[in-house]
Amino acid sequence: MSDEALDAGTGAAQQESRLALVRRARRMNRTLATAFPHVFAELDFTNPLELTVATILSAQCTDKRVNEVTPALFARYRTAADYAGARRDELEELIRPTGFYRNKATSLIGLGQALVEKHDGRVPGTLAELVELPGIGRKTANVVLGNAFDVPGITVDTHFLRLVARWRWTDETDPVKVEHAVGALIERKEWTLLSHRVIFHGRRVCHARRPACGVCLIARDCPSYGIGPTDPEAAAALVRGPETDHLLALAPTRARPRPRRRR
Ligand code: SF4
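Residues numbered from 1 in each chain as written. Predicted model: local features only at pLDDT ≥ 70, side-chain atom pairs only at ≥ 80, totals over all residues.

Explain the overall build of the protein to me, and be specific about the residues and the numbers.
A count of helical and extended segments in the protein gives 14 helices and zero strands. In terms of its C-alpha atoms, the protein occupies a principal-axis envelope of roughly 60 × 45 × 25 Å. Buried positions account for 39% of the 263 residues belonging to the protein. Taking the contacts inside the protein whose residues are at least 6 apart along the sequence as the reference set, 57% of them involve residues at least 24 apart. (Helix = DSSP H or I, 4+ residues; strand = E, 2+ residues; numbered from the N terminus. Buried ≥ 20, exposed ≤ 12 C-beta atoms within 10 Å, placed from the backbone. Contact = placed C-beta atoms within 7 Å.)

The structure is reproduced here in structure tokens:
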């Protein structure tokens, strides 16, 4: 365990020592790896430019909706130069279902222009260069780094913020501070996969309303256990997604509910 992990301050869980917090956070990450052995960016892409565009479109929109829009978009716009020279009305029409399409069209055209002018049409592979591009904040940059360039990055989205607060990994609420606080708890090589696991858990089990505490694999390490139903049958009905049967089979309950049919 690094000195940084042990020394970094946190206001979370005052009764819990720093060492105990680091150990608990890493144990939760390992358990989540068992729960979700095959995690990935839920946006469809085949190269860094497509991932960057998809991530920009995912603001205030579900990944599912973005994935419905991107096949036609990526077929029409294949390079940064294509976005730079896009006809605005045509681009807006293609991305309209993702919402905020005028702003997003502005970002995509600006992104294309910046990539052509400053990066020979290629998406750069550093945080500092990525956050200088139109429409790209730190969250998008970390998604692109982690998933297109294999550079470890922590993606702090709404699920991530909610879950690490419930777990009392940190009492920070600002996304950049949360990113640094969690980065000090978890091994760097785990950052990208941790981000996926936390987001998967947030979408499938630890919902904003009525989390499925009664069948949650990390319940024993979660200080918020009990904010959702603890009855296994009631909790099982709340689990979502294709891993439902797998999660219920692993559920640490005395009266384990029968796996349900996939929805
Ligand atoms: S025990 Fe409940 S609050 Fe804690 S992580 Fe699991 S589902 Fe979320």
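Would you mind going over the site of the ligand in detail, with residue names and values included?
In the neighbourhood of the ligand, 14 residues make up the surrounding shell, with Cys206, Pro211, Cys213, Cys216 and Cys222 lying closest. When the residues that make up the shell around the ligand are grouped by side-chain class, the tally is eleven nonpolar, two polar and one charged. (Near = placed C-beta within 6 Å. Nonpolar A, V, L, I, M, F, W, Y, C, P; charged D, E, K, R; others polar.)

I'd love a proper account of the nonpolar core, names of residues and values included.
Residues Val182, Leu185, Ala212, Val215, Cys216 and Val239 are the most contacted members of the largest nonpolar core, which totals 42 residues. Looking at this core, the elements that each hand over two or more residues are helix H2 (18–35), helix H10 (158–166), helix H11 (175–185), helix H12 (191–204), helix H13 (232–236) and helix H14 (244–250). Here the element with the most residues in this core is H2; it accounts for six residues. In this view, Cys216 contacts Val205, Cys206 and Cys222; residues no more than four positions away in its chain are not counted. Counting 28 residues, the second largest nonpolar core, distinct from the first, contains Leu49, Tyr77, Leu91 and Val144. (Core = buried A, V, L, I, M, F, W, Y, C linked by C-beta atoms within 7 Å.)

So what's going on with unusual backbone geometry? Residues and values would help.
Its identity is not glycine, yet Gln60 carries a phi of approximately 55 degrees, on the positive side. Note on placement: Gln60 falls in the loop between helix H3 (48–57) and helix H4 (63–76). In the Ramachandran plot, Phe100 falls in the positive-phi region, its phi being about 50 degrees despite a non-glycine side chain. A tally of 15 C-beta atoms within 10 Å means that Phe100 is categorised as partly exposed.

An account of H4 is needed here, citing residue identities and associated values.
The end-to-end C-alpha distance of H4, which contains 14 residues, comes to 20 Å, matching closely the 20 Å that a straight helix rising 1.5 Å per residue would cover. Roughly 40 degrees is the biggest bend found in H4, and it falls at Thr70, with proline Pro71 one to four residues downstream. (Expected span 1.5 Å × (residues − 1). Bend = angle between axes of the 7 residues up to and from the residue.)

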